[in-house]
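Residue-level structure breakdown
Take a look at the letters that make up each chain.
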Amino acid sequence: MRSRAALIDRYGRVATDLRVSLTDRCNLRCTYCMPAEGLPWLPGPDLLTDDEVGRLVRIAVEQLGVREIRFTGGEPLLRRGLVGIVAAAAALEPRPRLSLTTNAIGLDRLARPLADAGLDRVNISLDTLDPARFVRLAHRRRLDDTLAGIAAAEAAGLTPIKINTVLMRGVNDDEAVPLLAFALDRGYELRFIEQMPLDAGHTWRRDNMVTAAEILERLGRAYDLLPDPAERGGAPAETWLVAGHVLPDGRPARVGVIASVTQPFCRACDRTRLTADGAVRNCLFSQEETSLRAVMRAGGSDEDLARLWREAMWGKLPGHGINDPAFLQPARPMSAIGG
């Protein structure tokens, strides 16, 4: 029997982790995400206001059992009301754990205000340590800004800092070991992510993707990786202990791989997603979404919105279907869905 409180689907999965996209805009043009010239952005009136974001986050926490919230984009640091949105979420009871996925450009200025507002930690995208390669990948000369943002996040206590890296064949796949060395030296937790079919140009090809098995094989040449005894739960990353390395707080150093394509973890998925224009997506790869914005702006009650959210999650499919020959890439790219 379905709980009236939880975001449960027909396969018994319960969503307790909410990903909230605050904008579809970004100040980088990473090749696996969007074209160099950018994309048509959502019109301003289509975006949720700060108060509307706050209301939906409150409903998720107070009525639907959400316990973790990750603010995403696009690039969420571009959202002018970000600090206030974080503060409002941190004031909720029960207080959710709050994190942010960012490219860290501008985080040198915002890390302390975000920490003071209640942000707990950050995930930071970093695909290369080479300045020239960064320009080729992101079409912007901003590596120094990203590194400054990472340092500021650490100084502000937004830890543990997790670094997200997408390796692309023939582009940056030779940096697996250097990037892990970078993370280990500074006490960061590195996560490699298999490139997923979420680019705006729909040019993703499986043959170009660096697989989890390849990543682990490369890391294994330089490091002794041990199975992580910690319970994975609904976490997207499978993690390994890096023998001989510990974090500054004494915990063992870990490296993770998010193998969404070759080793799907849909069976344990605990996520629900809210786009910047107020649509619920029950899966990153869903072909359908449910607009809460329309109902909210038409005067819908909190109970109306909670009911629609539950119904949207109840229809979640058993898996994303990437490995099905009939798989269709979502119409929205990652920047418009939220990471």
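Description of the structure in this document. (Residues numbered from 1 in each chain as written. Predicted model: local features only at pLDDT ≥ 70, side-chain atom pairs only at ≥ 80, totals over all residues. Heavy atoms only, no water.)

1. A short note on the sheet that holds strand β12 (residues 271–274)
Basically, it comes down to this: At least two bridges found by DSSP between two strands is the condition for calling them paired. Runs of E in the DSSP output that reach at least two residues are strands. Runs of H or I that reach at least four are helices, and both are numbered from the N terminus. Contacts: residue pairs with any heavy atoms within 4.5 Å of one another. Every axis in this analysis is a line fitted to C-alpha atoms, fitted for helices over the stretch in contact. Angles between the N-to-C directions lie between 0 and 180 degrees.
Strands sit in the order β9-β10-β11-β8-β7-β6-β5-β4-β3-β12-β13-β14 across an open sheet of 12 strands; the sheet is mixed. Every interior strand has two partners, whereas the edge strands, β9 (225–227) and β14 (290–291), have only one. Relative to strand β4 (residues 68–72), strand β3 (residues 17–21) runs parallel, the two sharing five bridges. Within β4, the residue paired with Arg 19 across the bridge is Arg 70. Together, β8 (189–193), β9, β10 (238–246) and β11 (252–258) form the strand contacts of helix α7 (residues 212–220), whose direction differs from that of β11 by roughly 150°.

2. What about the packing of helix α1 (residues 50–64) against helix α9 (residues 302–314)?
To keep things clear, this is the line we draw: Any angle that is under 35 degrees is reported as roughly parallel, and any over 145 degrees as roughly antiparallel; angles of 65 to 115 degrees are reported as roughly perpendicular and all others as oblique. Put simply, Ala, Val, Leu, Ile, Met, Phe, Trp, Tyr, Cys and Pro go in the nonpolar bin, Asp, Glu, Lys and Arg in the charged bin, and everything else, Gly too, in the polar bin.
Between α1 and α9, the shortest axis-to-axis distance is 10 Å and the interhelical angle comes to 75°. The pairing of α1 with α9 is recorded here as roughly perpendicular in orientation. Note on element contacts: α9 touches α1 through Asp 302, Glu 303, Leu 305, Ala 306, Trp 309 and Arg 310, opposite Arg 55, Leu 56, Arg 58, Ile 59, Ala 60, Gln 63 and Leu 64. Per-class residue counts for the contact of α1 with α9 are seven nonpolar, one polar and five charged.

3. Here we look at the pattern of salt bridges
Rules: Any Lys or Arg side-chain nitrogen located within 4 Å of an Asp or Glu carboxyl oxygen qualifies as a salt bridge. Exposed residues in this analysis have more than 50% of their type's maximum accessible area, buried residues have under 20%, and partly exposed residues fall in between, with area computed by a 1.4 Å probe over protein chains only.
Tallying each qualifying case throughout the model produces 22 salt bridges. Arg 58 is paired through a salt bridge with Asp 302; the nearest N and O atoms lie 2.9 Å apart. One end of the pair, Arg 58, is in helix α1; the other, Asp 302, is in helix α9, and 244 residues separate them in sequence. According to the relative accessible area criterion, Asp 302 is buried, its value standing at 16%. For Asp 228, the salt bridge goes to Arg 254, with nearest N and O atoms at 2.5 Å. Residue Asp 228 is found in the loop between β9 and β10, and its partner Arg 254 is found in strand β11; the two are separated by 26 residues along the sequence. With relative accessibility at 15%, the residue Asp 228 sits in the buried group. Where salt bridges share partners, they join Arg 55, Arg 58, Glu 62 and Asp 302 into one cluster.

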